[in-house]
Amino acid sequence: MGGPPQLIYRPPPGALRIVHLDADAVVVEKPAGLLSVPGKGPGMADCAEARVAAAFPGALIVHRLDLATSGLMLFARNARAQRILSGQFEKRIVRKRYEAEVWGAPGGDSGRIEAPLRADWPNRPKQMIAADGRMAVTDWEVIERRKRTTRLSLRPLTGRSHQLRVHLASGLGLPILGDPLYASGEALAASPRLELYAVFLAWRRPEDGEWAEARLWEGQG
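All residue numbers here refer to positions counted from 1 along the written sequence of the relevant chain. Under the rules for a predicted model, residues below a pLDDT of 70 receive no local features and side-chain atom pairs below 80 are neither given nor counted, while totals for whole chains, interfaces and linings still include all residues. Only hydrogens and water are set aside; all other atoms, that is, all heavy atoms of the structure, feed into the side-chain values.

1. Observations concerning helix α2 (residues 79–90)
Selection rule: Strands here mean DSSP runs of E at least two residues long; helices mean DSSP runs of H or I at least four residues long; both are numbered from the N terminus. Expected span, for any helix, means 1.5 Å times one less than how many residues it has. Per-residue accessibility, obtained with a 1.4 Å probe over protein chains only, is compared with the maximum for each type, and a residue is labelled buried under 20%, exposed over 50%, and partly exposed between these values. By the convention used here, residues are in contact when the closest approach between their heavy atoms is within 4.5 Å. For this analysis, a polar contact is any N or O atom pair within 3.5 Å, provided that within protein one partner can donate a hydrogen and the other can accept it, and provided that sequence-adjacent residues contribute only side-chain to side-chain pairs.
Between its first and last C-alpha, α2 extends 16 Å over twelve residues, near the 16 Å set by a 1.5 Å rise per residue. Among all positions of α2, only A81, L85, S86, G87, Q88 and F89 are buried. Those residues of α2 hidden inside the fold are in contact with β2 (25–30), β4 (70–76), β5 (95–103) and β11 (196–204). Backbone nitrogen of R80 and a side-chain oxygen of the N-cap are separated by 3.3 Å at the start of α2; the cap is N78. Note on α2: the residue one or two positions beyond its end, R92, has a positive phi of about 60°.

Okay, structure coming up:
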């Protein structure tokens, strides 16, 4: 009874845009509505992982984005690179930045949200802030204040499921526009899609340890 709405999987067609390519890594732009990895059940095999592997045989997943989130995804092109890059995500070496448009406005221009998260079991796949959850930390900063919404820059220091969406909706009281799980009313109706974008990634190259980076849009960093 209750719970989040059931989503019908209709992945967007077309080749993924390549944002960065070298001997060890490929970064693509995942569109909203495309799974990062295959889903459970029939008709859910199409995903970013499968499309990248088809274009670059041997490519391997390193991290994931939510179905409704669009933006940069980093893939390894061989097993050694996957091991190194995955380790960088686990050790929080990789620098990540997102942008989101939220309903409402924060009281200040920047801040940090430190709130533990765990699954909201009766309403899965939703997550929730709970004292017995795993600690999650998000830094945020205002990019632009608009009439009824605010554009935010987000730097997650941890990588929990739905972290940004829950931290903004429950931690700040500012749901992301178009979020089918955590927004309602005007915030949900304000956009036909989740207004959350993975805009910047920086990692150390497996080959030599030098920094490499990818931007969704010019000027993002």
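2. Concerning the pairing of strand β9 (residues 137–145)
So the rule is basically this: Should DSSP find at least two bridges between two strands, the strands are taken to pair.
Where strand β6 (residues 110–114) lies against β9, five bridges are found, and the strand directions are antiparallel. Bridged to I113 within β9 is T138. Relative to strand β10 (residues 149–156), β9 is paired through seven bridges, and the arrangement is antiparallel. Counted as the bridge partner of T138 is P156 from β10. Counting the residues between successive antiparallel strands, the hairpin from β9 to β10 contains three residues.

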